[in-house]
Amino acid sequence: MSIDISQYKIGIVLSIEDCGNCKKGGKVLRSLKIRIGESEDEDCVAVVTSANNVRENSRVVVALAGSSILNDEGEMQEVKKASVGGAVSEGMLLDSHMLGWKGG
């Protein structure tokens with residue numbers, strides 16, 4: 001299956017705030033402010049994640065609401081804006097599997 005990676009954005013994590021726990025598993029949720037453009041004021045999105053390996057100034061791949069990702073079942077799924085842990089998430093972080101990368 002071919003994944004159109006042109007729909008994804010590279011961003012820089014500007015800030016990280018705890019925003020609650022997952023209902024399942026109790027993982028800590030964190031709200032990230034990510035700059036995906038040139039302007040820190042206008043080109044930022046909020047993404048809620050349970051990833052614990054993200055730090056301020058990390059470069060991340062973001063699937064914005066409206067884009068599609070490869071889910072765990074190998075099917076394409078649309079990313080939707082959602083309220084997670086009481087915070088709004090405008091997309092999600094992508095890992096290598098979601099980008100269609102295989103092997104080492």
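Structural data are supplied above this passage.
Below or above, wherever it landed, is the structure these notes cover. Not measured: the values here are computed from a predicted model.

**Quick look at the overall build of the protein**
Scanning the protein from N- to C-terminus turns up zero helices and nine strands. Along the protein, helices and strands appear, N-terminal first, in the series β-β-β-β-β-β-β-β-β. For 104 residues, the compact-globule estimate of 2.2 N^0.38 gives 13 Å, and the C-alpha radius of gyration of the protein, at 14 Å, lies within 12% of that figure. Here the C-alpha coordinates of the protein stretch approximately 35 × 35 × 30 Å along the principal axes. Restricting to contacts in the protein with at least 6 residues of sequence separation, those with at least 24 account for 51%. Within the structure as shown, the protein displays about 6,800 Å² of accessible surface, and the carbon and sulfur contribution to it stands at 45%.

**Observations regarding the nonpolar core**
Core analysis: the biggest nonpolar cluster contains ten residues, these being Val13, Leu32, Ile34, Val45, Val47, Val54, Val60, Val62, Leu64 and Leu93. If one sorts the elements of this core by residue count, strand β4 (residues 59–64) sits on top with three residues. For Val60, the residues in contact, after removing those within four places along its chain, are Lys9, Ile10, Gly11, Val13, Ile34 and Leu93. Counting residues in hydrophobic clusters, the runner-up holds nine residues, among them Ile69, Leu70, Val79 and Leu99.

**A short note on the side chain of Asn71**
Mapped onto the secondary structure, Asn71 falls in the loop between β5 (68–70) and β6 (76–78). Accessibility expressed as a relative area gives 11% for Asn71, which makes it buried. Setting aside its immediate chain neighbours within four residues, Asn71 contacts Gln77 and His97.

**Observations regarding unusual backbone geometry**
One non-glycine residue, Asn57, lies in positive phi territory at about 75 degrees. Examined against the element boundaries, Asn57 turns out to sit in the loop between β3 (44–49) and β4.

**Structural notes on the environment of Ser31**
Positionally, Ser31 belongs in strand β2 (residues 28–35). When the C-alpha positions of Ser31 and Ala46 are compared, they lie 6.5 Å apart, and in sequence the two are 15 residues distant. Beyond its immediate chain neighbours, meaning those up to four positions away, Ser31 contacts Ser15, Ile16, Glu17, Cys19, Ala46, Val47 and Val48.

What counts and what doesn't
- Residue positions within a chain follow its written sequence, with the count starting from 1.
- Where local features are concerned, this predicted model is filtered to residues with pLDDT of at least 70; where side-chain atom pairs are given and counted, the filter is 80 or more; whole-chain, interface and lining totals use all residues.
- Values shown for side chains rest on all heavy atoms present in the structure; no hydrogens or waters enter the calculation.
- Only runs of H or I of at least four residues qualify as helices and only runs of E of at least two qualify as strands under DSSP, and these elements are numbered from the N terminus.
- Note on method: radius of gyration uses C-alpha positions; expected globular size equals 2.2 Å times residues raised to 0.38.
- In this description, contact between two residues means that some pair of their heavy atoms is separated by no more than 4.5 Å.
- Working definition of accessibility: Shrake-Rupley area with a 1.4 Å probe, residue cover restricted to the visible protein chains.
- Only buried residues count toward a nonpolar core, which is a set of Ala, Val, Leu, Ile, Met, Phe, Trp, Tyr and Cys residues joined through side-chain atoms within 4.5 Å.
- A 1.4 Å probe rolled over the protein chains alone gives each residue an accessible area, and that area as a share of the maximum for its type sets the label: buried under 20%, exposed over 50%, partly exposed in between.

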